[in-house]
Amino acid sequence: MRWPGGRRLTWHFGLGPELGAIFWAMFGVEATFGAYTGIWPLWIEALGAPITIVGLVLSSSGLLRLVILAPSATLAERFDPRKLMIGARAITAVALVSAGLATHWTQLIPMVIGAAIGEIVFPLIQAHLALHAAEQRVRAFTLVFNVGPAVAFGISPLIAGILIARFDMRAAFFFAGACTAFSLYFFSRLSPPDRSLPPSERPRSSYREALAHDGVKPLLGLQFATIFSLSLGISLLPTFLADMRGISPAVVAIMGGIGSTGAVIYGLAIARSQWLHRHALVGVVIAMVMVMVALATVLATHLIWLIAIAFIGRGGLWSAWGLYIAVIGDSVPSDRIRPRAFALSEMTGGAAFSSAPILSGQLYALRAEGPLLASLLASAALIPVLLLAQRRFRPAKPLSPEDEVMAAPYVDPEAA
């Protein structure tokens, strides 16, 4: 079978076996998330939690994520990242099954903890991809962390919606566990790290070193503001659709899959556009506008078909997040430091994504439209800031091998 134009279609889509394994591993990770995220707040509420508690439960996993992600780069320097990723996602699989078996919202604690542990794969796999992608880094990041996940995020909610309609919301969590098992197979196919050097001679890095590079701190601040603003409106959107628009959980889950269509289309545009590669923050603005259109439509109409079409723009959140990962990677000149930068990016995005539901729950308790309106206002205020930041951003010049050796901190072998 061949692509249009005569190129042969392969399982790794021309990325190569190593990047192809990363692609399918992340496909499984995002399919897991897509299988249950659309009904996650509805499930918490169905198990007896009031709306303010729903927001806290949604946030708690992300706050735990910060604690778990912080040592990820240090662990990767000392242990095999493959084993760390496989172990973390295996814990997530068990947690998903426990969520499907829960009978009260307090029994979702294992799910909250397990989901947070599973997030450790993101900075580790991003560093692995950056190391193997060479000159096609932007294209590889777009395909692996935008297009592939968006397709997965489109398919898995559709399947979950069918299962929910046939059985109940528990089925979504069991299906999510199966998607995690799929990802584990491809994580196991990743090549092992270079361990030719003894632990005392392996290069070390620090978060302080990553933050010292120009542009990293401003980009992290912009990432937090962007993800927080968009998540403010999206986090309780399923609850709003169920309570205020009378849409069933099965349909809400299916609409979540529709939301990934926009991320797929936009991700392919990014992968093909050299201009967007050079102006990624403008790409973030476009992604924000996509989400804003979706939220405005949900506020303005009760027509399900129109809301479904508008949901295409909801995928802009994931597009924006993926673009920030690529930009932050370009702002760091060293492969040695880049895992720390990716960990900081994941902690920043996770903190924003997890803290936004706390405010959303409080605003929703006052007025159901409150989170959506607040998201629209905050996002609109960010657009000129992002456009100004794009004018000032300059990618870091990669360090030569000699400069890399000189920049690496000395490690006393006896102390190590």
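Conventions we followed
- Per chain, the residues get numbers from 1 upward, laid out in the order the sequence is written.
- Predicted model: local features are reported for residues with pLDDT of at least 70 only, side-chain atom pairs are reported and counted for 80 or more only, and whole-chain, interface and lining totals are derived from all residues.
- To obtain the side-chain values, all non-hydrogen atoms of the structure were used and water was disregarded.
- Any residue with relative accessible area above 30% and no salt bridge may belong to a patch, with like charges joined within 9 Å and the nonpolar Val, Leu, Ile, Met, Phe, Trp and Tyr side chains within 5 Å.
- The accessible surface values rely on the Shrake-Rupley method and a 1.4 Å probe; as for residues, cover is taken only from the protein chains in view.
- Basic side-chain nitrogens of Lys or Arg form a salt bridge, by our definition, when they fall within 4 Å of a carboxyl oxygen of Asp or Glu.
- Here a strand is any run of E in DSSP of at least two residues, a helix any run of H or I of at least four, and the numbering for each starts at the N terminus.
- For each residue, the accessible area found with a 1.4 Å probe, counting protein chains only, is set against the maximum for its type, and the residue is called buried under 20%, exposed over 50%, and partly exposed in between.
- The quantity known as pLDDT measures the predictor's confidence residue by residue, on a range of 0 to 100.
- The contact rule is simple, with two residues in contact once any of their heavy atoms fall within 4.5 Å.
- The criterion for an aromatic pair is that two Phe, Tyr or Trp rings (for Trp, the six-membered ring) have centres within 6.5 Å, with stacked assigned to planes under 30 degrees apart, edge-to-face to planes over 60 apart and tilted to the rest.

Examining a nonpolar patch on the surface
Turning to step 1, where the next piece is worked out: On the surface, Leu303, Trp305, Ile309 and Ile312 cluster together into a nonpolar patch covering about 400 Å² of accessible area.
Turning to step 2, where the next piece is worked out: Within the secondary structure, Trp305 sits in helix H16 (residues 304-310).
Turning to step 3, where the next piece is worked out: What makes Trp305 exposed here is its relative accessible area of 55%.

A look at the confidence of the model for the protein
Turning to step 1, where the next piece is worked out: Per-residue pLDDT for the protein averages 80, and the proportion of residues at 70 or more is 85%.
Turning to step 2, where the next piece is worked out: Of all helices and strands in the protein, the one with the weakest mean pLDDT is helix H20 (residues 401-407) (42), whereas helix H9 (residues 170-187) scores best (94).
Turning to step 3, where the next piece is worked out: Segment residues 399-416 is flagged for pLDDT under 50; beyond a separation of four residues in sequence, or across chains, it makes 18 contacts in the model.

Regarding the environment of Val289
Turning to step 1, where the next piece is worked out: As for its placement among the helices and strands, Val289 is situated in helix H15 (residues 280-300).
Turning to step 2, where the next piece is worked out: On the basis of relative accessible area, Val289 is assigned to the partly exposed category, the value being 36%.
Turning to step 3, where the next piece is worked out: With 90 residues separating them along the chain, Val289 and Ser379 place their C-alpha atoms 8.2 Å apart.

Examining the pattern of salt bridges
Turning to step 1, where the next piece is worked out: Summed over the entire model, instances satisfying the criterion amount to 2 salt bridges.
Turning to step 2, where the next piece is worked out: A salt bridge links Asp80 to Arg82, with the shortest nitrogen-to-oxygen separation between them at 3.2 Å.
Turning to step 3, where the next piece is worked out: The class for Arg82 is partly exposed, based on a relative accessible area of 22%.
Turning to step 4, where the next piece is worked out: Across the pair Arg367 and Glu369 runs a salt bridge, and its minimum N-O distance is 3.3 Å.

Examining the packing of aromatic side chains
Turning to step 1, where the next piece is worked out: Enumeration according to the criterion identifies 15 aromatic pairs in this entry.
Turning to step 2, where the next piece is worked out: For the pair Phe27 and Phe182, a centre-to-centre distance of 6.5 Å together with 65 degrees between the ring planes defines the contact as edge-to-face. You can see Phe27 sitting in helix H1 (residues 17-37) and its partner Phe182 sitting in helix H9, a full 155 residues away along the chain.
Turning to step 3, where the next piece is worked out: Residue class for Phe27 comes out buried when judged on its relative accessible area of 15%.

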